[in-house]
Amino acid sequence: MLMFIILLVITGLIVGALGRLAIPGRDPMSIPQTILVGVGGSLVAGIIGRLLFGGRGGGFILAVVCSAAIVYLIRRTRERHVAGPATPTRWR
């Protein structure tokens, strides 16, 4: 059980880091957040891979793509909170 958790953390870190590298730009995420993104991306990729391919291949690449999608969504929500609501402009 302990070995499974260690491998899960290492895999999550690798997949999360590759997912962060796939999206250009600065992203101030900590290492535990990167691990969580990688584990979440792997979980989503495992479900999608099982549904599409029946569990036969494409898991690692799909995990990186799903992690990149999660990073993209996190970045969009952070930008929306930082920028605030858009103010309407009037044309004269």
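Residues numbered from 1 in each chain as written. Predicted model: local features only at pLDDT ≥ 70, side-chain atom pairs only at ≥ 80, totals over all residues. Heavy atoms only, no water.

Novice: Sorry, what's going on with a nonpolar patch on the surface here?
Specialist: A cluster of nonpolar side chains, contributed by L2, M3, I6, L7, I10, I14, L18, L21, F60, I61 and V65, occupies part of the molecular surface with about 1100 Å² of accessible area. Those elements that place two or more of their residues in the nonpolar patch are helix 1 (2-22) and helix 3 (59-83). Counting residues per element, the nonpolar patch draws most heavily on helix 1, which supplies eight residues. Locating I61 in the fold gives a position in helix 3. (Patch = residues over 30% accessible without salt bridge, like charges linked within 9 Å, V, L, I, M, F, W, Y side chains within 5 Å. Areas by Shrake-Rupley, 256 points an atom, 1.4 Å probe, with all protein chains shown as cover. Salt bridge = Lys/Arg side-chain N within 4 Å of Asp/Glu carboxyl O. Helix = DSSP H or I, 4+ residues; strand = E, 2+ residues; numbered from the N terminus.)

Novice: What exactly am I supposed to notice about the confidence of the model for the protein chain here?
Specialist: Any residue range with low pLDDT should be treated as having predicted coordinates unsuitable for detailed reading. With 84% of its residues at a pLDDT of 70 or more, the protein chain shows a mean pLDDT of 82. Considering each helix and strand of the protein chain separately, the mean pLDDT is smallest for helix 3, with a value of 84, and largest for helix 1, with 88. (pLDDT = per-residue confidence, 0-100.)

Novice: Whenever I open this one, helix 1 confuses me. Can you help?
Specialist: Residues that lie three or four places apart on an α-helix share one face, since the helix turns once every 3.6 residues. Taking 1.5 Å of rise per residue, 21 residues should cover 30 Å, and helix 1 covers 30 Å from first to last C-alpha, within 8% of that figure. Those residues of helix 1 lying buried are G12, V15, G16 and G19. Each buried residue of helix 1 lies within a common arc of 105° when the element is viewed along its axis, so the set occupies one face. Residues of helix 1 that are exposed and point over 90 degrees away from its buried face: L2, M3 and L21. (Expected span 1.5 Å × (residues − 1). Buried < 20%, exposed > 50% of the residue type's maximum accessible area, 1.4 Å probe, protein only. Arc of directions from axis to C-beta.)

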